[in-house]
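Close look at the chain arrangement
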Amino acid sequence: MRAIEPWVLGPLGTFVSESQARLALLMTTSGQVVAQHGFAGSLDLMASAALGSGIIASTSELAVQMGWEPFRIVMHHGSRRAHFLGWFDTPRGRWIALVVFSADTKLGLVQVFFERMVEELVAATPPEPGQKKEVLAADFERELNASLRALFGR
Amino acid sequence: MTTPYGAMLDSLTRLRGIRGVLVVSMEDGLVVAESLMAGMKGSPIAALSATLATRVAELTGSSGHGLPRFLHLQGGDGALLVAPAASDLLLVAVAGRDVPLGLLRLEMLRMAERLT
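1. Some thoughts on the overall build of chain A
In terms of regular secondary structure, chain A is built from four helices and six strands. Reading chain A from its N end, one meets helices and strands in the order β-α-β-β-α-β-β-β-α-α. The globule rule puts the C-alpha radius of gyration for 154 residues at 15 Å, and the 16 Å found for chain A is close to it. Principal-axis analysis of the C-alpha atoms places the extent of chain A at approximately 45 × 35 × 30 Å. Expressed as a percentage of its 154 residues, the buried residues of chain A come to 31%. The contacts in chain A between residues at least 6 apart in sequence include a share of 56% that link residues at least 24 apart.

2. Points about the overall build of chain B
If you tally the helices and strands in chain B, you get three helices and five strands. Expected size for 116 residues packed as a compact globule is a radius of gyration near 13 Å; at 13 Å, chain B falls within 12% of this value. Viewed in the frame of its principal axes, chain B has a C-alpha envelope of about 40 × 30 × 25 Å. Looking at chain B residue by residue over its 116 residues, the buried ones come to 28%. Across chain B, contacts joining residues at least 24 apart in sequence account for 48% of those joining residues at least 6 apart.

3. As for the packing of helix α1 (residues 9-19) of chain A against helix α3 (residues 107-124) of chain A
All names here are of chain A. Contact pair α1 / α3: the axes reach a minimum separation of 9 Å and the direction vectors enclose 170°. Classified by the interaxial angle, the pair formed by α1 and α3 is roughly antiparallel. Packed against α1, whose contacting residues are Gly10, Pro11, Leu12, Thr14, Phe15, Glu18 and Ser19, the element α3 presents Leu109, Val110, Phe113, Phe114, Met117, Glu120, Leu121 and Ala124 at the interface. Looking at the contact of α1 with α3, its residues break down into ten nonpolar, three polar and two charged.

4. Structural notes on the confidence of the model for chain A
Chain-level statistics for chain A give a pLDDT mean of 86 and a share of 92% at 70 or above. The least confident element of chain A is helix α4 (residues 137-152) of chain A, whose mean pLDDT is 71; the most confident is strand β2 (residues 23-28) of chain A, at 94.

5. Observations concerning the sheet that holds strand β2 (residues 31-36) of chain B
Residues and elements named next belong to chain B. The antiparallel open sheet is built from five strands, whose spatial order is β2-β1-β5-β4-β3. The two strands at the open ends of the sheet, each matched to only one other strand, are β2 and β3 (71-74). Pairwise comparison of adjacent strand axes, ignoring direction, gives a mean angle of 10° for this sheet. Judged from the six bridges that link them, strand β4 (residues 79-84) and strand β5 (residues 89-95) form a sheet pairing that is antiparallel. The residue bridging Leu81 from the neighbouring strand is Ala93, located in β5.

6. What to know about the nonpolar core
Counting 60 residues, the largest nonpolar core has A:Leu25, A:Leu26, B:Val24, B:Leu90, B:Val92 and B:Ala93 as the members making the most contacts within it. For this core, the leading source of residues is α3(A), giving eight residues. Every residue in contact with B:Val24, bar those within four places of it in the chain, is listed here: B:Gly29, B:Val31, B:Val32, B:Ala46, B:Ser49, B:Ala50, B:Leu89, B:Leu90 and B:Val92.

7. What to know about the environment of B:Met108
Residues and elements named next belong to chain B. Tracing the backbone shows Met108 in helix α3 (residues 101-114). You can call Met108 buried: it has 22 C-beta atoms within 10 Å. Residues Met108 and Gly76, 32 residues apart in the sequence, show an inter-C-alpha distance of 22 Å. Those residues in contact with Met108 that lie beyond four places of it in its chain are Leu81, Ala83, Leu91 and Ala93.

8. Focus on the pairing of β3(B)
Residues and elements named next belong to chain B. For β3 and β4, the ladder comprises four bridges, and the chain directions are antiparallel. Within β4, the residue paired with Gln74 across the bridge is Ala79. In textbook terms, the turn of a hairpin is the stretch between consecutive antiparallel strands, and for β3 and β4 this stretch comprises four residues.

9. Observations regarding the sheet that holds strand β1 (residues 2-3) of chain A
Residues and elements named next belong to chain A. Reading across from one edge, β1-β3-β2-β6-β5-β4 is the order of the six strands in this open sheet, with antiparallel pairing throughout. If you trace the sheet from one side to the other, it starts and ends with β1 and β4 (73-77), each paired once. Sheet strands in contact with α3 are β4, β5 (81-90) and β6 (93-102), and its direction is about 30° off that of β5.

About the cut-offs
Residues numbered from 1 in each chain as written. Chains lettered and ligands numbered in written order. Predicted model: local features only at pLDDT ≥ 70, side-chain atom pairs only at ≥ 80, totals over all residues. Helix = DSSP H or I, 4+ residues; strand = E, 2+ residues; numbered from the N terminus. Rg over C-alpha atoms; globule rule 2.2 N^0.38 Å. Buried ≥ 20, exposed ≤ 12 C-beta atoms within 10 Å, placed from the backbone. Contact = placed C-beta atoms within 7 Å. Axes fitted to C-alpha atoms, helices over the stretch in contact; angles between N-to-C directions. Parallel < 35°, antiparallel > 145°, perpendicular 65-115°, else oblique. Nonpolar A, V, L, I, M, F, W, Y, C, P; charged D, E, K, R; others polar. pLDDT = per-residue confidence, 0-100. Pairing = 2+ DSSP bridges. Core = buried A, V, L, I, M, F, W, Y, C linked by C-beta atoms within 7 Å.

Here you go:
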């Protein structure tokens, strides 16, 4: 398990062990990875983050078109694996969780532990660093590589 | 409560010492209908009851005893009672300490037979 922000590791670790999740990914709504568990390669991770944030964006828009509140959770139940995709608000903005778990794990159980993880993440969020740095194109690649090193340890 | 199970759940919650009754989907552990005392959260009870019932069914099945008809967990402060029903549903009751468990068990088994 690896995270860009170390304070995420505690709540995510508890969630993964309690829910017996095979894969877990926390990301921002723009698809930037915050933490991951179980992903072996950066390609899978980045593709999953992009697809997960895209699904949340498109289902939220679908709900808006129908005059509903955005769907908080999108579930797919396969024969061997199930996918749970849900968004939640933190002091650092809206985040998305993508969780892959065994099909014999109850969705209700994943939801209960997910809600607890959200509460723990919100409680553990440290205050924002004072001044936001302007993101420059020249820094982008260096920051991306630093994030990948943090997420994969290389 | 406006679900079709409302009258059934209310008749159980009228029994002395009952803190809450739920109809739970066994496959995904979600609440189908609930009648709970204020302050009780149904989703954790539903999720954990469904997980428990599934594991016990695996245990009794693998030991050749068939599917369980009733689960009774007695704690220091009360009891959790689970009656598997047809259509992949569970009838779950949370009872306090001073509850006529025999009567509750009979009522739950009778209702579980009608639960579809």
